[in-house]
Amino acid sequence: MASEAKPKSGNDMTVVRGLDVARYMGRWYEIASVPSLFQPRDGRNTRATYKLQEDGATVHVLNETWSKGKRDYIEGTAYKADPNSDEAKLKVKFYLPPFLPIIPVVGDYWVLYVDEDYQYALVGEPRRKNLWILCRKTSIDEEVYNQLLEKAKEEGYDVSKLHKTPQDDPPPESDAAPTDSKGVWWFQSLFGK
């Protein structure tokens with residue numbers, strides 16, 4: 001009788017070691033994700049832009065998506081969970097709701113894989129509730145995409161929950177659409193819309 005492979009615990013996940021943070025900075029397009037609670041369900045052109053701050057340890061995070069013709073965004077910070085570790089285990093902090101940012105929400109952002117040219121990445125977290133496939137371009141080669149799916153499976157993710165994110169080519173500019181300044185998308189996301 002064949003024995004089934006035991007799923008890895010969060011502590012057993014393979015995480016990138018020695019991440020070159022400076023090379024990781026810049027814009028990443030969301031190719032697919034297991035969406036988080038706070039992402040609009042109909043979001044498209046979803047992307048993240050990372051900028052290393054002057055202290056060399058904190059990253060400014062700008063997450064953007066377009067929903068119902070409007071640009072939705074949230075800003076936050078990221079930092080190493082353990083500054084003495086070489087593992088790419090980061091914490092991200094956002095303040096909610098976006099229109100009156102008073103409640104801090106902290107989550108895990110673990111870089112599970114990044115290619116040697118820093119062109120595509122697999123990002124997850126120890127509970128395996130969220131997963132992102134990111135790319136520097138708005139599309140990714142199908143073979144590379146499938147390799148990242150296999151890597152996610154090896155780490156214990158149910159990749160059937162992944163949703164491909166529609167991306168326009170060329171992508172929209174941040175100032176090319178009206179912005180949802182009232183946080184309507186945030187309230188809708190709480191109710192699964």
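Calculation notes
Within each chain, residues carry numbers counting from 1 in the order of the written sequence. Totals for whole chains, interfaces and linings use all residues, but because this is a predicted model, local features are given only for residues with pLDDT of at least 70 and pairs of side-chain atoms are given and counted only at 80 or more. For side-chain calculations, the full set of non-hydrogen atoms in the structure is used, while hydrogens and water are omitted. Put plainly, a pocket is an open set of points on a 1 Å grid over the protein atoms alone with protein on both sides within 12 Å along at least five of seven lines, a cavity is a set where a 1.4 Å probe fits but cannot get out, and a lining residue has an atom within 4 Å of a point. Grid points are joined across faces, edges and corners, and a volume is the space filled by probe spheres set on the points. Think of it this way: any DSSP run of H or I at least four residues long counts as a helix, any run of E at least two long counts as a strand, and we number them from the N terminus. Under the convention adopted here, Pro, Cys and the residues Ala, Val, Leu, Ile, Met, Phe, Trp and Tyr are nonpolar, Asp, Glu, Lys and Arg are charged, and Gly plus all remaining residues are polar. Residues belong to one nonpolar core when they are buried, are Ala, Val, Leu, Ile, Met, Phe, Trp, Tyr or Cys, and are joined through side-chain atoms within 4.5 Å. Categorising residues by exposure relies on relative accessible area from a 1.4 Å probe, with only protein chains included: less than 20% of the type maximum marks a residue as buried, more than 50% marks it as exposed, and the intermediate range marks it as partly exposed. Contact criterion: two residues are considered in contact whenever any of their non-hydrogen atoms come within 4.5 Å of each other. Like-charged residues are merged into a patch within 9 Å and nonpolar side chains (Val, Leu, Ile, Met, Phe, Trp, Tyr) within 5 Å, provided each residue has over 30% relative accessible area and no salt bridge. The accessible surface values rely on the Shrake-Rupley method and a 1.4 Å probe; as for residues, cover is taken only from the protein chains in view. Throughout this description, the term salt bridge denotes a Lys or Arg side-chain nitrogen within 4 Å of a carboxyl oxygen of Asp or Glu. Pairing between strands is defined by DSSP: at least two bridges between them are needed.

**Comments concerning the layout of surface pockets**
Piece 1. Estimates place the volume of the largest pocket at around 1,000 Å³.
Piece 2. Surrounding the largest pocket, 48 residues form its lining, N63, V92, F94, Y109 and W132 being those nearest its centre.
Piece 3. Listed by contribution, the elements that provide at least two residues to the lining of the largest pocket are helix 1 (21-24), strand 1 (26-34), strand 2 (44-52), strand 3 (59-67), strand 4 (70-80), strand 5 (89-96), strand 6 (103-114) and strand 8 (131-135).
Piece 4. Here the residues of the lining of the largest pocket sort into 29 nonpolar, nine polar and ten charged.

**Looking at the nonpolar core**
Taken as a class, soluble globular proteins show a tendency for nonpolar side chains to be buried jointly.
Piece 1. Ranked by internal contacts, the top residues of the largest apolar core, which has 45 residues, are Y24, Y50, Y109, V114, I133, I140 and L162.
Piece 2. Excluding residues within four positions of it along the chain, Y24 makes contact with L19, Y50, Y109, V111, V114, Y118, A121, V123, L134 and R136.

**Focus: a nonpolar patch on the surface**
Piece 1. A cluster of nonpolar residues, F99, L100, I102 and I103, forms a patch on the protein surface that exposes about 380 Å² of accessible area.
Piece 2. Position of I103 relative to the elements: it lies in strand 6.
Piece 3. Judged by its relative accessible area of 46%, I103 falls in the partly exposed class.

**Digging into the pattern of salt bridges**
Piece 1. One pass over the full model with this rule turns up 13 salt bridges.
Piece 2. The salt bridge involving R71 is made with E64; its shortest N-O contact spans 2.7 Å.
Piece 3. Among the salt bridges present, the one from K151 reaches E155, with a minimum N-O distance of 3.0 Å. Of the two residues examined, K151 and E155, each falls in the buried class.
Piece 4. Via salt bridges that share partners, R17, D86, E87 and K89 belong to a single interconnected network.

**Observations regarding the pairing of strand 4**
Piece 1. Relative to strand 4, strand 3 runs antiparallel, the two being bridged by nine bridges. Looking across to strand 4, one finds that H60 is bridged to T77.
Piece 2. By the bridge criterion, five bridges tie strand 4 to strand 5 in an arrangement that is antiparallel. Residue pairing in the sheet places A78 in a bridge with V92 of strand 5.

**A few points about the pairing of strand 1**
Piece 1. Taken across its nine residues, strand 1 has seven buried, putting it largely inside the fold.
Piece 2. Sheet analysis places strand 1 next to strand 2, joined by four bridges and oriented antiparallel. Paired with G26 across the bridge in strand 2 is Y50.
Piece 3. Pairing between strand 1 and strand 8: five bridges, direction antiparallel. Paired with S33 across the strands is W132, a residue of strand 8.
Piece 4. Across two bridges, the pairing between strand 1 and strand 9 (residues 163-164) is antiparallel. Residue A32 lies in a different strand from strand 9, and its bridge partner there is K164.

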